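Here is what each chain is made of, one letter per residue.
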Amino acid sequence: MADLRLPTNSIVHPDKDRFLSEVNPFEAMMARFDRAAELLDLEPGIYKVLRNPEKTIIVSIPVMMDSGEVEVFTGIRCLYNTSRGPAKGGIRFAPNVSIDEVKALAAWMTWKCAVVNIPFGGAKGGVICDPLKMSMGELERVTRRYTSAIISTLGPDSDVPAPDVNTNERVMAWVMDTYSMHVGHTVNAVTTGKPVAMGGSLGRREATGRGCMLTTREALAHLGMPMKGATVVVQGFGNVGSIAAELMQAEGCKIIAISDRTGGWVHRKGIDVKHAMAYVQEHTTLEGYGVGEPIANEALLELECDVLLPAALENVITTKNAANIRAKVVCEGANGPTTAGADAILDEKGVFVIPDILANAGGVTVSYFEWVQNRGGYYWSEQVVNDRLKEIMVNAFGEVLKLSSQHKVNMRTASYMLSISRVSMVHKLRGIYA
Ligand code: GLU
């Protein structure tokens, strides 16, 4: 795959992905959308509405760097669809953020919220920057200036950000504080994924990984494969990959390989996930971990295993390597890890794919719980959060599986069919305001 990383702080045309075919995430999303729309025989008017984001804001973010120089970053926030409720979706900080990526991710949030049937629309935000090369002070200034530049869309009833790639609880605390300072009082429901001490939900940090474990457990049960002893390969050892691996291990799975941006480690006897997490806590990355043999990220994806969990970034399974995937189940912890072209190859090979909009929906589901708790001012125990999450994930998996066998389509197409039918129903009921 081409290296799309840009030099730190460089400003490029934010629409550059339009020129890259297979790995253009918006086109990948649209290919799946079109297929589901056709199968649903979607009304032409609603089809046109759902192919377009409601609003995309592009802002310049001037920031005083530690060096004393002013740098200008580009920020984007896309509200794809708000027919079912406030726009919901994370903010990512990365050098290769682009308009098409943010639009695709915002559309995916729309379908994701609808597939698990929580009352939100979809949004996504991004800032083109390299947070790994920035100080804490610089990150805070970027976050606060970006927040104030998009403040007109934000609010508990209109647009509610959350963490995404390279953002975390601390960033959400800054967004919430900046918004609260603007409106003159504390509004904790304006973001989710906050620190628990300021209104975050218990279980939110683990929720995406927990959702991956739950949907994988459902998939293996459906396929008649035991969870105990199932071999698992995990690409990405951040919040999603590491927690999913830990929870799968607790269910009896054998984690045979893990990786992060520095590379991976394969150990057929099984990796102790807690030990690897402690290593990362101390050393920041898996570099030098030394358990088992080192393996490159590309080769790791092609290892023979029961479950492959791509939990890093988009476009890691493409037409170039899909034929070499030897997993029986792929659980998409990341957003958009598989290209549309690769879908067909995996289908042909009989790989059971739990699509991103279902597999990683646990995060936004507990974001919804956080928002409900903030608005009610009444907080739930971690057990209540986990039980309600399980109920939603297991139900959604069951509904998608049912549709997939009814229509003889794969789980991805069935997920899109379910979510698009839910969003289009609301459009039909609300009508077109003139
Ligand atoms: N960034 C996460 C996702 O892609 C969470 C979004 C949210 O909780 O709003 O699903």
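Not measured: the values here are computed from a predicted model.

A. Region of interest: the overall build of the chain. The number of helices and strands found in the chain is 14 helices and 12 strands. Here the chain has a C-alpha radius of gyration of 20 Å; the compact-globule value for 434 residues is 22 Å, and the two agree. Along the three orthogonal principal directions, the C-alpha set of the chain runs to about 55 × 55 × 50 Å. Expressed as a percentage of its 434 residues, the buried residues of the chain come to 59%. Taking contacts inside the chain between residues at least 6 apart in sequence as the whole, the part at least 24 apart equals 69%. For the chain, the accessible area works out to roughly 17600 Å², and carbon and sulfur atoms hold 53% of it. Of the charged side chains in the chain, 44 are positive and 47 negative; the average position of the first set lies 4 Å away from that of the second.

B. Quick peek at the packing of helix H3 (residues 99-115) against helix H14 (residues 411-430). Relative to each other, H3 and H14 sit at 90°, their axes nearing to 8 Å. Taken as axis vectors, H3 and H14 run roughly perpendicular relative to one another. In contact with Trp108, Thr110, Trp111, Ala114 and Val115 of H3, H14 contributes Ser415, Tyr416, Leu418, Ser419, Ile420, Arg422 and Val423. A per-class count over the contact of H3 with H14 returns 8 nonpolar, 3 polar and 1 charged.

C. Examining the site of the ligand more closely. Residues in close proximity to the ligand total 14 residues, the closest being Lys88, Lys112, Pro163, Asp164 and Ser367. In the environment of the ligand, a nitrogen atom lies 2.9 Å from a nitrogen or oxygen atom belonging to the backbone of Pro163. Arg204 has a polar side-chain atom sitting 3.2 Å from an oxygen atom of the ligand. For the ligand, whose accessible area on its own is 300 Å², the fraction buried by protein is 93%. Elements with a contribution of two residues or more to the shell around the ligand: strand S3 (87-94), H3, strand S5 (159-163) and helix H12 (362-376). For the shell around the ligand, the class distribution of residues is 4 nonpolar, 5 polar and 5 charged.

D. Looking closely at the pattern of salt bridges. Taken as a whole and assessed by the stated rule, the structure comprises 24 salt bridges. The residue Arg92 makes a salt bridge to Glu101 at a minimum N-O spacing of 2.9 Å. A residue is classified by how much of its surface remains accessible, and Arg92, at 3% relative accessible area, is buried. Linking Arg144 and Asp177 is a salt bridge whose minimum nitrogen-to-oxygen distance equals 2.8 Å. Here Arg144, found in helix H4 (residues 136-149), pairs with Asp177, found in helix H5 (residues 169-183); they are 33 residues apart in sequence, far enough to count as distant. The partly exposed category is assigned to Arg144, whose relative accessible area is 26%. Of the residues examined, Asp177 reaches a relative accessible area of 25% and is grouped as partly exposed. Residues joined in a network through salt bridges with shared partners are Arg32, Glu332, Asp343, Asp356 and Arg412.

E. Representation of the pairing of strand S8 (residues 263-266). Of the two faces of S8, the one holding Gly263 and Trp265 and the one holding Gly264 and Val266 are both buried throughout. Of the pairings in the sheet, the one linking strand S7 (residues 254-260) to S8 comprises 4 bridges and is antiparallel in character. Within S8, the residue paired with Ala257 across the bridge is Val266. Joining the antiparallel neighbours S7 and S8 is a turn of 2 residues. Note: S8 against strand S9 (residues 293-295), 3 bridges, orientation antiparallel. By the bridge assignment, Gly264 is partnered in S9 with Ile295.

F. View of the environment of Tyr279. For Tyr279, the position within the fold is in helix H8 (residues 273-283). Note on Tyr279: relative accessible area 16%, which makes it buried. In contact with Tyr279, other than residues within four places in its own chain, are Thr284, Thr285, Leu286, Glu287, Gly288 and Tyr289. Engagement of the side chain of Tyr279 in a polar contact is seen with the backbone nitrogen of Tyr289, the distance being 3.5 Å.

G. Geometry of the sheet that holds strand S1 (residues 55-64). Strand order across the open sheet formed by 5 strands is S1-S2-S4-S3-S5, with mixed pairing between neighbours. On the outer flanks of this sheet lie S1 and S5, each paired with one strand and no other. With strand direction ignored, the average angle separating the axes of adjacent strands in the sheet is 25°. As judged from the 10 bridges shared by S1 and strand S2 (residues 70-81), these two strands associate in the antiparallel manner. Across the sheet, residue Ser60 finds its bridge partner in S2, namely Thr74.

H. Here's a closer look at helix H7 (residues 239-250). Spanning 12 residues, H7 covers 17 Å between terminal C-alpha atoms, matching the ideal 16 Å at 1.5 Å per step. Residues Val240, Gly241, Ser242, Ile243, Ala244, Ala245, Leu247 and Met248 constitute the buried set of H7. The inward-facing, buried residues of H7 abut helix H6 (204-223), strand S6 (231-235), S7, H8 and strand S10 (305-310). Positive phi appears at Gly252, one or two residues downstream of H7, with a value of about 100°.

I. The nonpolar core, seen in detail. Met29, Phe33, Trp111, Ile255 and Ile258 are the most contacted members of the largest nonpolar core, which has 92 residues in total. The contact partners of Ile255, leaving out residues within four places of it in the chain, are Val232, Val234, Ala245, Met248, Gln249, His267, Gly270, Ile271 and Val273.

Reading the values: the criteria
- Residues numbered from 1 in each chain as written.
- Predicted model: local features only at pLDDT ≥ 70, side-chain atom pairs only at ≥ 80, totals over all residues.
- Heavy atoms only, no water.
- Helix = DSSP H or I, 4+ residues; strand = E, 2+ residues; numbered from the N terminus.
- Rg over C-alpha atoms; globule rule 2.2 N^0.38 Å.
- Buried < 20%, exposed > 50% of the residue type's maximum accessible area, 1.4 Å probe, protein only.
- Contact = heavy atoms within 4.5 Å.
- Areas by Shrake-Rupley, 256 points an atom, 1.4 Å probe, with all protein chains shown as cover.
- Lys, Arg positive; Asp, Glu negative; His and termini not counted.
- Charge placed at Lys NZ, Arg CZ, Asp CG, Glu CD.
- Axes fitted to C-alpha atoms, helices over the stretch in contact; angles between N-to-C directions.
- Parallel < 35°, antiparallel > 145°, perpendicular 65-115°, else oblique.
- Nonpolar A, V, L, I, M, F, W, Y, C, P; charged D, E, K, R; others polar.
- Near = heavy atom within 4 Å.
- Polar contact = N/O pair within 3.5 Å; in protein donor to acceptor, adjacent residues only side chain to side chain.
- Salt bridge = Lys/Arg side-chain N within 4 Å of Asp/Glu carboxyl O.
- Pairing = 2+ DSSP bridges.
- Expected span 1.5 Å × (residues − 1).
- Core = buried A, V, L, I, M, F, W, Y, C linked by side-chain atoms within 4.5 Å.

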